[in-house]
Amino acid sequence: MTTLNRSLFGIALLAFLFGWPGSRESRDFPRTTVVGERTFVTHNHLARHYDFPRSRPDEGVLVLQNDRHRLVLASDSRRAELNGVTVWLHEPVLEEGRRWLIPENDVRRVIDPVLRPERHVHELGRRVVLLDPGHGGRDEGGRGAMGTLEKEMTLIVSLRVAERLRDAGQRVYLTREDDRDVSLAERVAQATELEADLFVSIHFNTSANRDARGAETFVLPAAGYASTANVEQAPNPPTASGNAYDGANMVLGYLIQKHLLNATGTEDRGVRRARFHVLREAVSPAVLVECGFLTNPREERKIHRAEYREQLARAIADGILEYLGTALRTQLDDAL
Ligand SMILES: [Zn+2]
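Below or above, wherever it landed, is the structure these notes cover. As the structure is a computational prediction, the values presented were derived from the model and not from experiment.

## Considerations on the coordination of the zinc ion
Step number 1: Each protein donor to the zinc ion is listed here as H135 (NE2), E150 (OE) and H203 (ND1); together their distances run 2.0 to 2.2 Å.
Step number 2: In the primary structure, the donors to the zinc ion are separated according to the pattern H-x14-E-x52-H. Taken together, the positions of E150 in helix α5 (residues 150-167) and H203 in strand β11 (residues 198-205) put the pair 53 residues apart, joining distant regions of the chain.
Step number 3: According to the relative accessible area criterion, H203 is buried, its value standing at 12%.

This is how it looks when you write it as structure tokens:
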């Protein structure tokens, strides 16, 4: 071989062994397809990459299932189901003839974090959890027909979550431990000061529709996308600090929602996206949990019962602990 041939062979060999520079991503991620100006993953490439047996859509529904995960997608819909938990995508899944197109952003920031959480939960630092009981002081939050106050319920549940986490040996702080005014900016400032590794804001819901019920967990939309609740709202600007944790936010939101559903059997309103101040400005993975509707008479009665609040608290704590367990395993694997 000439010197030139030898060096070309060397480069080719290196490329074969380690991938071309910048191609690492593509080996870690399903093959993408550009249609128009948008990037998608076809359902067959998705199935191949995540080891799902090939599956054909049937009547507008596509089910991908293996022994570890079950993913259900619906044609022309943002609603998806991951392991029994409703998850709202940023954009609808498109049906194009026999192939389905799943937006690349949603594969990357919604589906991948649930299927491969260990890739999204690095760098846990001092493992400090900051719980944020919603409202307080002059800000009562929502109020039920029986007079149940959101600010009281959030505090009771948050204190119980803290206790359970401390019992598990976890370092926990709260943005308030009694009935007082705490501004949104102060809540974020506390997270910054404590160098919190996780931020979990706890709320109860209200609606003009008395039938509305169930639990939902909010995470920040990806940069450039709008909230689930309000698609007309301007998209999330690319400057939100919370977007640095897109994947980890999703892992935490999914785990808390999963434990809430399992523990209480409450209606699943899903993991949703909103640009709440505390999520947008977060300095760590952050979620906001809406535990149930004070404006639904049946749900208000449940929330009024200490045993139900205990179930809620246990579920939220279990979600946080599962997240921390995943992070710890990832760190150990990285260290080996
Ligand atoms: Zn609230």
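## A closer look at the packing of helix α7 (residues 246-264) against helix α10 (residues 306-335)
Step number 1: At their nearest, the axes of α7 and α10 sit 8 Å apart, and the two run at 145° to each other. For the element pair α7 and α10, the recorded crossing hand is right-handed. Contacts from A248, V251, L252, L255, I256, K258, H259, L260, A263 and T264 in α7 reach Y308, Q311, L312, A315, I316, D318, G319, I320, E322 and Y323 in α10.
Step number 2: The residue makeup of the contact of α7 with α10, split by class, is 13 nonpolar, 4 polar and 3 charged.

## Observations concerning the nonpolar core
Step number 1: The biggest cluster of nonpolar side chains holds 64 residues, and the ones touching the most others in it are L131, V161, V200, I316 and I320.
Step number 2: When we break this core down by domain, the ones giving at least three residues each are domain 1 (31-115) and domain 2 (128-335).
Step number 3: Leaving out residues up to four positions away in the same chain, V200 has contacts with L130, L131, D132, L252, I256, V287, V289, I316 and I320.
Step number 4: Within the second largest apolar cluster, 14 residues are counted, among which are L130, V188, A191 and F199.

## Details of the layout of surface pockets
Step number 1: Size it by volume and the largest pocket reaches roughly 480 Å³.
Step number 2: Surrounding the largest pocket, 21 residues form its lining, H120, H122, A244, Y245 and A248 being those nearest its centre.
Step number 3: Among the secondary structure elements, those contributing two or more residues to the lining of the largest pocket are α4 (104-115) and α7.
Step number 4: Sorting elements by how many residues they give to the lining of the largest pocket places α7 first, with 3 residues.
Step number 5: For the lining of the largest pocket, the residue count by class is 8 nonpolar, 6 polar and 7 charged.
Step number 6: In this structure, the second largest pocket encloses a volume near 390 Å³.
Step number 7: In terms of lining, the second largest pocket is formed by 25 residues, of which the most central are H135, H203, F276, L288 and E290.
Step number 8: Within the residue set of the lining of the second largest pocket, elements represented by two or more residues are α6 (184-194), β11, β12 (215-219), β13 (268-273), α8 (277-280) and β14 (286-293).

Rules used throughout
- Residues numbered from 1 in each chain as written.
- Predicted model: local features only at pLDDT ≥ 70, side-chain atom pairs only at ≥ 80, totals over all residues.
- Heavy atoms only, no water.
- Donors = N, O, S within 2.8 Å, 3.2 Å for Na, K, Ca; no water.
- Helix = DSSP H or I, 4+ residues; strand = E, 2+ residues; numbered from the N terminus.
- Buried < 20%, exposed > 50% of the residue type's maximum accessible area, 1.4 Å probe, protein only.
- Axes fitted to C-alpha atoms, helices over the stretch in contact; angles between N-to-C directions.
- Left-handed = near helix turned anticlockwise from the far one by under 90°.
- Contact = heavy atoms within 4.5 Å.
- Nonpolar A, V, L, I, M, F, W, Y, C, P; charged D, E, K, R; others polar.
- Core = buried A, V, L, I, M, F, W, Y, C linked by side-chain atoms within 4.5 Å.
- Domains from an automatic or database assignment.
- 1 Å grid on protein atoms, 1.4 Å probe; cavity = no way out; pocket = protein on both sides within 12 Å on 5 of 7 lines; lining within 4 Å.
- Points joined across faces, edges and corners; volume = space filled by probe spheres on them.

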